[in-house]
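Here's the letter readout for the chains.
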4 protein chains.
Amino acid sequence: MVIVMKPGASDASIKHVIDYVTENGFQTHLSKGTETTIIGLIGDKSKLNYDNLKIFEGVDKLVQVTESYKLANKKFHPKPSKIKVGNTYIGPDNLTIMAGPCAVENEDQMMIVAEAVKKAGATIIRGGAYKPRTSPYSFQGLGEEGLKYMKEASEATGLATISEVISLESVNAAAKYVDMLQIGARNMQNFYLLKEVGRTGLPVLLKRGLSSTIDEWLNAAEYIISEGNPNVVLCERGIRTFETATRNTLDISAVPVLKERTHLPVVVDPSHATGVRSYVTPLAKSAIAAGADGLMIEVHNDPAKALSDGAQSLTFEQFENLTKEIRPYAELSKRTF
Amino acid sequence: MVIVMKPGASDASIKHVIDYVTENGFQTHLSKGTETTIIGLIGDKSKLNYDNLKIFEGVDKLVQVTESYKLANKKFHPKPSKIKVGNTYIGPDNLTIMAGPCAVENEDQMMIVAEAVKKAGATIIRGGAYKPRTSPYSFQGLGEEGLKYMKEASEATGLATISEVISLESVNAAAKYVDMLQIGARNMQNFYLLKEVGRTGLPVLLKRGLSSTIDEWLNAAEYIISEGNPNVVLCERGIRTFETATRNTLDISAVPVLKERTHLPVVVDPSHATGVRSYVTPLAKSAIAAGADGLMIEVHNDPAKALSDGAQSLTFEQFENLTKEIRPYAELSKRTF
Amino acid sequence: MVIVMKPGASDASIKHVIDYVTENGFQTHLSKGTETTIIGLIGDKSKLNYDNLKIFEGVDKLVQVTESYKLANKKFHPKPSKIKVGNTYIGPDNLTIMAGPCAVENEDQMMIVAEAVKKAGATIIRGGAYKPRTSPYSFQGLGEEGLKYMKEASEATGLATISEVISLESVNAAAKYVDMLQIGARNMQNFYLLKEVGRTGLPVLLKRGLSSTIDEWLNAAEYIISEGNPNVVLCERGIRTFETATRNTLDISAVPVLKERTHLPVVVDPSHATGVRSYVTPLAKSAIAAGADGLMIEVHNDPAKALSDGAQSLTFEQFENLTKEIRPYAELSKRTF
Amino acid sequence: MVIVMKPGASDASIKHVIDYVTENGFQTHLSKGTETTIIGLIGDKSKLNYDNLKIFEGVDKLVQVTESYKLANKKFHPKPSKIKVGNTYIGPDNLTIMAGPCAVENEDQMMIVAEAVKKAGATIIRGGAYKPRTSPYSFQGLGEEGLKYMKEASEATGLATISEVISLESVNAAAKYVDMLQIGARNMQNFYLLKEVGRTGLPVLLKRGLSSTIDEWLNAAEYIISEGNPNVVLCERGIRTFETATRNTLDISAVPVLKERTHLPVVVDPSHATGVRSYVTPLAKSAIAAGADGLMIEVHNDPAKALSDGAQSLTFEQFENLTKEIRPYAELSKRTF
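Quick summary incoming for the structure in this document.

**Quick notes on the pairing of strand β3 (residues 37-42) of chain B**
A regular strand carries its side chains on alternate faces of the sheet. Residue and element names in this part refer to chain B. Along β3, five of the six residues are buried, which leaves the element largely enclosed by surrounding structure. Pairing of strand β1 (residues 2-5) with β3, which is carried by three bridges, proceeds in the antiparallel orientation. Residue pairing for β3: Val2 is matched across the bridge by Gly40. In terms of strand pairing, strand β2 (residues 27-32) meets β3 through six bridges, oriented antiparallel. Bridging across to β3, Thr28 finds its partner in Leu41.

**Some thoughts on the sheet that holds strand β1 (residues 2-5) of chain C**
Residue and element names in this part refer to chain C. The sheet built from four strands is open, its strands ordered β2-β3-β1-β4 with antiparallel pairing. Pairing within the sheet leaves two strands with one partner each, and these edge strands are β2 (27-32) and β4 (59-63). On average, each strand axis in the sheet is inclined to that of its neighbour by 20°, with strand direction left out of account. With four bridges connecting them, β1 and β4 associate as antiparallel partners. Paired with Val2 across the bridge in β4 is Val63. Of the strands in this sheet, β1, β2, β3 (37-42) and β4 are in contact with helix α1 (residues 11-23), which crosses β2 at around 160°.

**Remarks on the relation of the copies chain D and chain B**
The transformation that overlays chain D on chain B combines an axial shift of 0.0 Å with a rotation of 180°, and the residual RMSD is 0.0 Å. Interpreted geometrically, this transformation is the action of a two-fold axis. Scanning chain D for the C-alpha nearest the rotation axis identifies Phe242 of chain D, at a separation of 2.2 Å. Both copies present the same face, since 96% of the interface residues in chain D are matched by interface residues at the equivalent positions in chain B.

**Quick word on the interface of chain D and chain B**
On the side of chain B, 22 residues touch chain D, which itself brings 23 residues to the contact. Surface buried jointly by chain D and chain B totals about 1900 Å² across both partners, of which 64% is contributed by carbon and sulfur atoms. Linking chain D to chain B there are zero salt bridges. Elements with a minimum of two residues in the side of chain D that touches chain B: β1 (2-5), β2 (27-32), β3 (37-42) and β4 (59-63) of chain D. In terms of residue class, the side of chain D that touches chain B is made up of 10 nonpolar, eight polar and five charged.

What counts and what doesn't
- Residues numbered from 1 in each chain as written.
- Chains lettered and ligands numbered in written order.
- Predicted model: local features only at pLDDT ≥ 70, side-chain atom pairs only at ≥ 80, totals over all residues.
- Heavy atoms only, no water.
- Buried < 20%, exposed > 50% of the residue type's maximum accessible area, 1.4 Å probe, protein only.
- Helix = DSSP H or I, 4+ residues; strand = E, 2+ residues; numbered from the N terminus.
- Pairing = 2+ DSSP bridges.
- Axes fitted to C-alpha atoms, helices over the stretch in contact; angles between N-to-C directions.
- Contact = heavy atoms within 4.5 Å.
- Least-squares fit on C-alpha atoms with pLDDT ≥ 70 in both.
- Buried area = accessible area lost by both parts, 1.4 Å probe.
- Salt bridge = Lys/Arg side-chain N within 4 Å of Asp/Glu carboxyl O.
- Nonpolar A, V, L, I, M, F, W, Y, C, P; charged D, E, K, R; others polar.

Okay, structure coming up:
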């Protein structure tokens, strides 16, 4: 942490700042230039609510020198993580394909979809049992019953499973049936929930919030890891911008940025990012080319009758074509699936 | 709901759409122009997952004619709501001032702050006992103990109290001690939590999500009201944009927009919106001039030592000046405080 | 300028940075902490393309200590500017109302509108003769003919006039007929045009770009002033965000932020900011309460027949009501109009 | 164009709308449902300033059925365009690499860079002679002298050339020396300039505005084409969002969206999109995988000494590695370079 004083800050105001941080257990390092004075802080920042320093007289800015996330930080853990999920893992030499319907609708559906996506190359089946919906009048999911159908589909096919959780109750239910928990975009900063999934020890897919910076996202991952659960996978699913041609704007740059900052795997969800079926395949290729460790794709046995997000779901045939088309891109990235 | 077909859509594709919606219990009204064909739907839309229609051949757009929120909608409830909170209420002829520290820090502090803000004109004291913080290493709040301090401060001063909830556990605790529950921006679409606060029947302050549209916000209010709790107050606290001169961008237009669309009261939080102390007073005036029913202001006995958000907190003296300065604006709006 | 080195940057990389900036005519001030090393630069930054330093080995960040705009900066010119426009001026104790149609349509119209807006309290009439329109097939303005109509209206009423310029040709034409030139949002960073209006010496209304930061805006003002023309007035007209309830999002906080950073007057245009007639009056009040020096309002003799932007234009009666309603707010701000 | 009336709109207000549009030369097609009434318009919309209809009593929304751009529209020109530039072309089976420094700095530099980028596979050399810079105190370019150096470099190597124009004067100068004109992001809606480059008939690279929607971008292209110049190439270079890890947010989805809506070629500029050297290569691959027709890459002989944008420029060696790494991606897209 570096405190930049305003040009012309008085000696008294400099002394006031130094006294305050010294009282709070920091050592300081003073650098007086002709233009400005800079005070470097040495010590454990977690003890200081340094933001308050902004209102001290003469203080111009605070410059953070180190990131606030530690356990998710590549600096302290340079080797890319490999996260085991059921019989498979997400990590550096795999291209993990997670596929399935937005919402679990019934027993047959999960079985049919599981078989179809497995055949095309997916290793994890997705399906929502607890659905966060903008309107209270939309379909809210089957709850625990949906999770059971996922488990059956998993047992029949050997696929690993992932499902979204939205509350302690759903975490407890999901932990009994599925291999990986998903935190949705709307809950990325539901810190209470992050701690709960942290406590389960199960692998967690942490979707990026609609308007979350990469820095906030890594801090959210830190919440999970700091509960003793290092099994976090990040999922870029589009951010909110002014553009309306797509539902969200896929921030493809987040992939190389994350590869520089964290050891955690990164997957991309082009279905939610765009909300439009015809953009899913080009963006899936694009994500692999940018360095993604996997993809999450919505696939439905009958998109026109899907209870949610049908417009962005692929049919089995479309999904099979996608996996065929992306295979050479996976090879260029030296990843197998 | 109106379905606009693409120019040149075939008769077969028009028929396919009509058959589908008819099967789902709708009547249709067909309008064939030279340029395009339009299909109007008559019936209960909540039964149809109409978004899927986008992938039907020949469909160009879906146009919503009616809003998805009903209970929060001014069309069906033209009279502005008046929400009772403790001994006071939020609504058309009041200007409600909620003030207090970002986080409850100790017993003495709450008492001192309560007395000071009461003296200056506040009728509700705020204070966070469960704090959602970006980093897991920041101060997370005192929990139930903090709520007790609030209750004591309330008993001593007669002020009503408000505190943020973040989980079922905190809802249950808060319901025992405070008069109004707050849903923070990060939890605006935590639908599980919305239902829980809905069930308490207590008045709820629903802060706008960082990147939530006004429409999504009103749908979030609908979640609470549809649990049988009509006591919802909306709080504009800034949205996320590209501008960095302020922490967020206060969307002042949201006030007149909401006054047109909903009967629920609207308060503005200039402290969180800007994150800068010197902008709080001009924006407080601005909010009243735009039609706000109240203000939420961060006030701290010693901002430099605040455990969170000190940089945006006012001292007692600054807060007293603020209430003096806004009084003539309240009068112009024919509101008392 | 302060260069923050990465934790653990080698002595060689520190030396490399120091040698480079020294060669470029700077003195340095080195501060070695245990956590990090900081290099302060002393000298004329305009000689150094310092951004390049980011790719020097070991460099973590560059921190700007001083703003890049000087002539627009309040630090060097603490007294608020007063800008003369025709017979009136824009500045600290005036509330300037600029009103008129989006586009000049014909001679009669300008005369009728000028009389009506003068009667209601406006001192400057606006009207576009060169219209930047999103589609090439929309009405593009009357050009020089339109400017003549403005001059006639000005001579008949004594109102000052303002019109938008979009090219050297239009600058030359406008300089002959109107009292103030307007740079539209889409041209805020058309630096060539900024220099041209700078050279005229005429007062300039500089609208904020749709996605321009306040810092970029002040740098755009600097382009005009650095040509020897200090007569710049800033106009907040909404920024682009994800919200669609209003055409743009009025950044009301920009008013107090600018009041802190610059001596230039600030006016607000609620008509373009919202695009909706019913929001214009509440936001006009709001702008005055926030500290604005004036308003720009679209008024049309027959909005339903306006050749552009009719939906946001006020009728004469609505405009008269607006000026009546804002008068007490102007008084609270100790401004006259 | 479809006019959706509010639920319960009176017969009088419906008649008023119909009368108005009939007077303006339209035929109407009325559709009365139980929920709402819809009025379809048949006729030449360019004759009607339909936006005004929003303020007619009883009108709820206007729904555009057809796009406002025609010449840029794929519907009327389904075959992808092939744009000749010097000895090369941009279009469906080529992967065009444009490379070179942000700004032309001197004669030797252009020659050295031209040879290096040609060797690595570029077919067009870029270089700015007229630089739009945020601050008036930054380097503004060499002007016509810089264009001459580009021409010399072109004659020596056979590379085609591209340079940015910012005014009529610079258009006239550039037309004498270079093969392709560039409109920068800040000038995307400088409609005056768009018409001027349209009149030259030269190929134009139209960069996307920082906060322009894809629809506005295609309308800007329409300005150029409607002057009789169909040689327009679109360049995605990042949009402005809240994320600060990259300078802008590369909107990779724009590539497939544009491929669906227009016949014009699309290139991607990962250098300006991110502002960070290490992200250029992964995003270059990503752009090709998404379907881009080419890349624009900043390359400098000595980035640390570049007069502008050094931090995002590649060295010759880095650029050569980039072209090697992207070659297999070009092959997968069946493009040659």
